[in-house]
Amino acid sequence: MNRDDVEQSNSIHGIIIKFLKAKKEPASMKEIVNHIIEQHGLDSKTPGNTVRSILQRSKYIKKNIYAQFELLD
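Residues numbered from 1 in each chain as written. Predicted model: local features only at pLDDT ≥ 70, side-chain atom pairs only at ≥ 80, totals over all residues. Heavy atoms only, no water.

Details of the packing of helix α2 (residues 12–23) against helix α3 (residues 29–40)
At step 1: Where α2 contacts α3, the two axes come as close as 10 Å, and the packing angle between them is 120°. The pairing of α2 with α3 is recorded here as oblique in orientation. The chirality of how α2 crosses α3 is right-handed. Taken together, the residues of α3 that come into contact with α2 (itself represented by I12, I15, I16, F19, L20 and K23) are E31, I32, H35, I36, Q39 and H40.
At step 2: Residue composition of the contact of α2 with α3, grouped by class: seven nonpolar, three polar and two charged. (Axes fitted to C-alpha atoms, helices over the stretch in contact; angles between N-to-C directions. Helix = DSSP H or I, 4+ residues; strand = E, 2+ residues; numbered from the N terminus. Parallel < 35°, antiparallel > 145°, perpendicular 65-115°, else oblique. Left-handed = near helix turned anticlockwise from the far one by under 90°. Contact = heavy atoms within 4.5 Å. Nonpolar A, V, L, I, M, F, W, Y, C, P; charged D, E, K, R; others polar.)

In structure tokens, the structure reads:
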């Protein structure tokens, strides 16, 4: 799957990509987790860990030196 396919899906990964694309600047983990909970209704005991694992595996998102996440070009 390429980035456009992931972005069009209703998965957590797709929602994060859409959020970062709309925001047009890096976002902190807390901002991303809050957005996911609002949009997707993540039913997990540790939603931060769930989102963190998705971000770490993503080949479309990177962590910058300020511990914020941004899209790769």
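With respect to the pattern of salt bridges
At step 1: Tallying each qualifying case throughout the model produces three salt bridges.
At step 2: Residue K23 is joined to E31 by a salt bridge in which the shortest nitrogen-to-oxygen separation is 2.8 Å.
At step 3: Of the residues examined, K23 reaches a relative accessible area of 24% and is grouped as partly exposed.
At step 4: A salt bridge links E70 to K62, with the nearest nitrogen and oxygen atoms 3.5 Å apart.
At step 5: Classification of E70 as partly exposed rests on a relative accessible area of 22%.
At step 6: Overall, K62 belongs to the partly exposed group, its relative accessible area being 38%. (Salt bridge = Lys/Arg side-chain N within 4 Å of Asp/Glu carboxyl O. Buried < 20%, exposed > 50% of the residue type's maximum accessible area, 1.4 Å probe, protein only.)

Thoughts on unusual backbone geometry
At step 1: The residue K24 is not glycine, and still its phi comes out positive at about 60°.
At step 2: When you line up the elements, K24 lands in the loop between α2 and α3.
At step 3: Phi at A67 is positive, roughly 60°, even though this residue is not glycine.
At step 4: With respect to the helices, strands and loops of the structure, A67 is situated in the loop between β1 (61–63) and β2 (69–71).
At step 5: On the accessibility criterion, A67 (43% relative accessible area) is partly exposed.

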